[in-house]
Each structure stands twice: as structure tokens, then as C-alpha cells.
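# Results of the structural survey
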Amino acid sequence: MQTAWVLGDQLTLSGSALQRLDPARDRVLMIESLERARLLPYHKQKMVLLWSAMRHFAQELRAHGYQVDYHEACANYSEAVKAHRKRHPGPILMMDPADYGVAEKLGPDEVTPNTMFLSSREEFRARPYGRLENFYREMRRQTGLLMDGGSPVSGRWNYDADNREVPEKGHRFPDIPRYAPDKTTRAVMELVSRELPKHFGSLESFAWPVTRADALDFVEDFLEHRLDLFGPFEDAIVTGERSLYHSLLSPLLNIGLLDPLDVCQKAEKRYRSGKARLSSVEGFIRQVIGWREFVHQIYHWKMPGYLDVNHFGADLPLPQFYWDADTDMHCVRDAIEGLMEHGINHHIQRLMVTGNFALIAGVVPREVNDWYLLAYADAYEWVVSPNVLGLSLFADGGVIASKPYAASANYLNKMSDCCRGCAYNPKGDCPFNALYWDFLARNRERFEHNPRMSLMIKQLDRKSDLREVRARAEELRARMRRGERI
Ligand code: FAD
């Protein structure tokens, strides 16, 4: 008799530990740990999604003939494991967790390979890919996605440059399907409200799919209604819109309810049957087999130690508005209010609003990292740390990004409609302006040798009011340090 311990982000029947079981003889162990859930005040929607999806997965396993020992709302993992070992002696297997060091902490008897990613950690280490593009092309070749023989379809690998449109005022975005909480989900919602009442965000609008069937339905809706325009508006921000044409699939991909290759193959079919344009399908597939795989690999390559990076020596504590959205900066307020309500923001809000602000204001990277880890429904360390510390904050000094994604209000005004309803002037007193110029000035020497920063540095050197602008940045930072509203 042996046991496969299935973690909450491993909800797939093809998991390698499960594959080793004989359902007639062996057992599956699943544990909800309150101690783990309280490590950070994780968004309530993340906890409900995770635990409800786990409970539904246990039902799916039983329907497939597995014997499942499911421990609801336990004090901690170790007590549940001890009780399990007493009743069912025999080795405990675990599929290698996506987050670094978890297997060592949890102590299974055998770790089986992680089969939830398309690229292998060993191959990545053996081959220096440099930036994403080389890795992405290799993934296209390996998976055969959007390939005609050995060449990319239509002769081009990447359509990123075509994907920079801003929707017209009044553009109507497709509705996002909602899945009404069933009895199981409602029980978990009560549990989370009772046991984790002070956690981030609200549960009121919870409508995530929690079963594989609903997750697949959610994918179909994306393919049918959003994929074709995914590309053109990929970089835009629109007030009140949490998805635009993005897929919202990350919370489901990251817990195993969806399979990355399957989702990409479905997207490719839409292109091949003339139902979605190539620039959108390529853009979507690049996110999944490119970025998603790449950050996972970089994280494992750089761990341990990656969580402590702080290239710019940033030292500002995380401002209060990250917790309550109480700020006059409209773009920030809109992003954080949406996050509290739905458990998610789209990529550009994460990168160019909340991330960009933390970068140019000089917030301590580890505090920013922890905030992203707790505030989002799709957040796990393997995907948060490279995106936050690497892509967004450049705190790793350029392992992932070739330059910091620093931008002033000028960019936000161009790519979003947020500045229209804002108390600040994007051409004047918006905090993004003073903090942006001050960030460049503070780190000027570091950027001098980066050709991708040379235009910014030239603009900095032409700035005649830099002294006043930097004094305003200092004042803003002092106010944030004192916990004052900005
Ligand atoms: P889409 O735009 O529809 O993209 C399709 C899929 O591609 C996503 O579902 C996701 O699985 C994958 N993907 C796209 N970009 C990335 C990326 N940079 N890294 C990894 N996967 C990517 N992603 C998470 O899954 N969890 C996080 O906690 C997370 N935190 C982030 C924090 C910051 C500061 C930044 C800049 C990015 C973060 N991302 C995170 C990456 C990306 O923003 C989200 O994957 C994406 O916004 C999820 O929404 P979506 O499913 O609608 O994505």
C-alpha cells in the first residue's frame, strides 16, 4: 500500500504521483492546512478557489475509483500526515511541487517528477537561453504549436509589435462567465469567512470555476468570445475592466484544472479554422508556452536566494494604499479595488500600475513580492517572484528583463483612460511623474551602459526642472513613509 499526497495546486489526474497508484490498493491524501493558509493574509477568493477545487477534485478522484483521505480545515499538515501514517503505513509519494523547497518541508518518502510544465528544469539548466525569445522558439519547435514543418506559420515567430492598440471610448468588452457557488463552494466560503476573516479582498463576487468541467467551459468562452481580439488590446488598460480580452485562465492553469498544452492546441485550432487572427493566437500561445514556462525555469534556476534580491537598494515600506485602495491616483485605485473585488488584475495593471509604482517609488522588493503573493487568486511563489522581482522591479539586476519597466504618467495616459477621471494631472502633479524622473536620476549611473535606457537618460539630462521634481518625489516618499494618503 502506498499513498499519493496531492497538493492544492496539483489537481490533475495525470499527476506523476497519482499515475504510480493502483486505485484498488493505494490511497490519495489531501489536506487543507489552516496554519499554511495563515502564513500570509491570502485573498479570500484564492482560498475558496483552492479549497473548493480540492474538494471537487477529491470527488473526481473517487469517481475514478481512487480511495481518498481528505482532511478538511486541519490545524496543520504534520498532524494530518501523522494520523494518516498511523492508519495507513506505507510510503507517501508526492509530485515535485512547483514552489522551491516545499517537498523538503513536507517530507514525503518519495518525490516524483513534476509533469505540470512543458519544459524540463534539467534541460533549461543545461542550455543558456538568455532572453525569452530563444526559449520561446525552442518551445514552439518542441510542441509543434503554430509550426509548418521546421518553420513558424506565415514565416514570423512573433507578432508583438502588432499588438499595441487602445480601444475606442465606449468599446464594449465581452462579459465574463460566472459560475454560481454550489453547496461545496458555499461551505468553503463559510469556512474562509469564519477562519480567515481578516484576509485580503472580498468574497461577495466569487464566481470562479472550481471543477474541471466548468474550467473547460471557461476556456471555450475565451476561445469563442475573446481570443480573436486578445492581441490588439493586450497592452491596454480600461477603467473598471478586469479582463478586456485576456483569458483569466491563470488561476486554473496554476492549480492543474487546465492543461497548458491542451489550451494552446485549442487556441491554435481557432487560427487554423479561420476563427481567430494569427497575431492574437501567437500572442496568447507565447504567454503560455513562453512566459509562463520561462519564469518557472528562471525561478528554479535562481533559487534559493532569489527572494532576497534588491538591485536598487530600495527601502520604502509598502504604502498603505496597496491594502485599501485609498489613494487619489485613479489608475492605482481602480486596479486595487478591482483586485479586492475579483482577486485578479490583468498583466498591464500588474506591470505598469502597481508594479511600476513600486519600482519608481523604491518599495522594498520583498514587501512587494509578498503583497503580490497574497493579493492575487493565481499567485504562487514560482510565478510571483520572477514576475515581481525580475520583470516588474528589476530587483534581480536584469536576469529576466533587459531594462526596468519604469514609466511616467505619459505612458499611462497613452495606454489607458484612467487619467481622465483622476484628481492628478498626467502632464503635471501626478506622482508617477516625479517618482519616475527621480528613479532615473537616483540610478543614472546604473543605466548609463544600458543601450535600451539611453533615450530615457537623454530625456533626463534635458530636464530643466529636475531639482524641483526630485524634491517633490522626496516629499511623496516621506508622506508614504508616514502612512499619509497620496
Ligand atoms: P492572459 O493575458 O490571458 O495570458 C494567458 C496566460 O499566459 C496566463 O493565464 C498565464 O498563465 C500566462 N502568462 C502570461 N504572462 C505571464 C507571465 N509574465 N508569467 C507567467 N505566466 C504568464 N501570473 C500568475 O499566474 N500568477 C501571479 O501571481 C502573477 N503575478 C504577476 C505579478 C506581476 C507584477 C506581473 C507583471 C505579472 C504577474 N503574472 C502572474 C503574470 C501575468 O500577469 C498573469 O499570468 C496574467 O495577468 C493572468 O491573467 P490571464 O490569465 O488573463 O492572462
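All values derive from a computational prediction rather than experimental measurement. (Residues numbered from 1 in each chain as written. Predicted model: local features only at pLDDT ≥ 70, side-chain atom pairs only at ≥ 80, totals over all residues. Heavy atoms only, no water.)

Moving on: the site of the ligand. In the vicinity of the ligand, 27 residues are found, and the nearest of them are H246, S247, L248, N254 and H347. At a separation of 2.7 Å, an oxygen atom of the ligand approaches a polar side-chain atom of H246. Burial of the ligand by the protein chains amounts to 99% of its free accessible area of 810 Å². Residue assignment for the shell around the ligand shows that the elements contributing at least two residues are helix 10 (250-253), helix 12 (278-302), helix 15 (347-361) and helix 17 (381-392). With 6 residues, helix 12 is the single largest residue contributor to the shell around the ligand. Along the lines of polarity and charge, the residues of the shell around the ligand split into 14 nonpolar, 10 polar and 3 charged. (Near = heavy atom within 4 Å. Polar contact = N/O pair within 3.5 Å; in protein donor to acceptor, adjacent residues only side chain to side chain. Areas by Shrake-Rupley, 256 points an atom, 1.4 Å probe, with all protein chains shown as cover. Helix = DSSP H or I, 4+ residues; strand = E, 2+ residues; numbered from the N terminus. Nonpolar A, V, L, I, M, F, W, Y, C, P; charged D, E, K, R; others polar.)

Most of strand 2 (residues 27-33) is tucked away, with 7 of its 7 residues classed as buried. Burial along strand 2 is two-sided: R27, L29, I31 and S33 and V28, M30 and E32, pointing in opposite directions, are all buried. Pairing analysis gives 6 bridges linking strand 2 to strand 3 (residues 67-74), with the strands arranged parallel. Paired with M30 across the strands is Y70, a residue of strand 3. (Buried < 20%, exposed > 50% of the residue type's maximum accessible area, 1.4 Å probe, protein only. Pairing = 2+ DSSP bridges.)

This brings us to the state of the cysteines. Simply put, disulfide is the name for a covalent bond between the sulfur atoms of two cysteines. Tallied over the entire structure, the rule returns 0 disulfides. We note that C422 lacks a disulfide partner, and the nearest cysteine sulfur, in C430, lies 6.1 Å from it. (Disulfide = S-S within 2.5 Å.)

Turning our eyes to something else, we now look at the sheet that holds strand 3. Strand order in the open sheet made by the 5 strands is 3-2-1-4-5, with parallel pairing throughout. Strands at the two margins of the open sheet, each flanked by one partner only, are strand 3 and strand 5 (110-112). Here the average twist between neighbouring strands, direction ignored, is 25°. Its contacts with the sheet put helix 4 (residues 77-87) on strand 1 (3-5), strand 2, strand 3 and strand 4 (92-95), and the angle it makes with strand 2 is roughly 155°. (Axes fitted to C-alpha atoms, helices over the stretch in contact; angles between N-to-C directions. Contact = heavy atoms within 4.5 Å.)

So, about helix 19 (residues 431-442). Given 3.6 residues per helical turn, the α-helix brings residues three or four places apart onto the same face. Counted at 1.5 Å a residue, the expected span for helix 19 with its 12 residues is 16 Å, and the 16 Å between its end C-alpha atoms agrees. For helix 19, a buried count of 11 out of 12 residues is recorded, marking the element as mostly surrounded by other parts of the structure. Taken together, the buried positions of helix 19 are occupied by P431, F432, N433, A434, L435, Y436, W437, D438, F439, L440 and A441. Taken together, the buried residues of helix 19 touch helix 14 (330-342), helix 15, helix 18 (409-415), helix 20 (444-447), helix 21 (454-461) and helix 22 (466-481). (Expected span 1.5 Å × (residues − 1).)

The next subject is the packing of aromatic side chains. Here the structure, examined in full by the defined rule, presents 28 aromatic pairs. Pairing F312 with F447 gives two aromatic rings, centres 5.9 Å apart and planes at 75°, and the pair type is edge-to-face. One end of the pair, F312, is in the loop between helix 12 and helix 13 (321-324); the other, F447, is in helix 20, and 135 residues separate them in sequence. For the pair shown, F312 and F447 are each scored as buried. Chaining the aromatic ring pairs together yields one cluster made of F200, F321, Y322, W323, F357, W371, Y372, Y376 and F432. Note that K46 overlies the ring of Y380, its terminal NZ or CZ placed 4.4 Å from the centroid. The ring of Y136 is capped by R286, whose NZ or CZ atom sits 5.9 Å from the centre of that ring. (Phe/Tyr/Trp six-rings, centres within 6.5 Å; stacked < 30°, edge-to-face > 60°. Lys NZ or Arg CZ within 6 Å of the ring centre and 35° of its normal.)

Our next topic: the pattern of salt bridges. For the structure shown, the criterion picks out 41 salt bridges. Between R85 and D109 there is a salt bridge, with the nearest N and O atoms lying 2.9 Å from each other. Here the residue R85 occupies a position in helix 4, and D109 occupies one in the loop between helix 5 (102-106) and strand 5, the gap between them amounting to 24 residues. R85 sits in the partly exposed class, given a relative accessible area of 30%. Under the relative-accessibility criterion, D109 is labelled partly exposed at 47%. In the salt-bridge network here, residues are joined through shared partners; they are D160, R164, D235, E282 and R286. (Salt bridge = Lys/Arg side-chain N within 4 Å of Asp/Glu carboxyl O.)

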